[in-house]
Amino acid sequence: QVQLVESGGGLVQAGGSLRLSCAASGTFVSINAMGWYRQAPGKQRDLVATITTGGNTNYADSVKGRFTISRDNAKNTVYLQMNSLKPEDTAVYYCSADARLNWRPFLTTYWGQGTQVTVSS
């Protein structure tokens, strides 16, 4: 019912920047919170940042001051601006969205397919 398409990953040198985008499409009443998570090889998927429809944000301590999450509610799109990238930021980055599918007050979480971010030292 909801598809999330991510873009913007790639290879960058330490200290560089990347901007990730994720657009939600499909059949839904509304998209509530959206976020970014990441998973490095052999590790669990961890929160990077989330943002509500009202613009309230939450960040992992490891990215505070370097990453900025934002969204365009009209386009159901979330962005992640990543600055001062470090090799330890290397991971597959996943977009998430909490969607309300119908009149019932329940939310379903959807995930994107992931985009690789590699930071070389």
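Residues numbered from 1 in each chain as written. Predicted model: local features only at pLDDT ≥ 70, side-chain atom pairs only at ≥ 80, totals over all residues. Heavy atoms only, no water.

Details of the packing of aromatic side chains
(1) Moving on: Across all of its chains, the model carries one aromatic pair by this definition.
(2) Moving on: On the numbers, 5.0 Å between centres and 65° between planes, the contact of Y37 with W111 is edge-to-face. One end of the pair, Y37, is in strand 4 (residues 30-39); the other, W111, is in strand 10 (residues 108-111), with 74 residues separating them in the sequence.
(3) Moving on: Its relative accessible area of 21% is what places Y37 among the partly exposed residues.
(4) Moving on: Residue classification places W111 among the partly exposed residues on the basis of a relative accessible area of 39%. (Phe/Tyr/Trp six-rings, centres within 6.5 Å; stacked < 30°, edge-to-face > 60°. Helix = DSSP H or I, 4+ residues; strand = E, 2+ residues; numbered from the N terminus. Buried < 20%, exposed > 50% of the residue type's maximum accessible area, 1.4 Å probe, protein only.)

Topic: the nonpolar core
Side chains that are nonpolar tend, in soluble globular proteins, to be buried together.
(1) Moving on: Formed by 31 residues in total, the largest nonpolar core has its most connected members in W36, L80, M82 and Y93.
(2) Moving on: Contributions of two or more residues to this core are made by strand 1 (2-7), strand 3 (18-26), strand 4, strand 5 (46-51), strand 7 (67-72), strand 8 (77-82), strand 9 (91-100) and strand 11 (115-120).
(3) Moving on: If sequence neighbours within four positions are ignored, M82 has contacts with G16, S17, L18, L20, R66, F67, Y93 and V117. (Core = buried A, V, L, I, M, F, W, Y, C linked by side-chain atoms within 4.5 Å. Contact = heavy atoms within 4.5 Å.)

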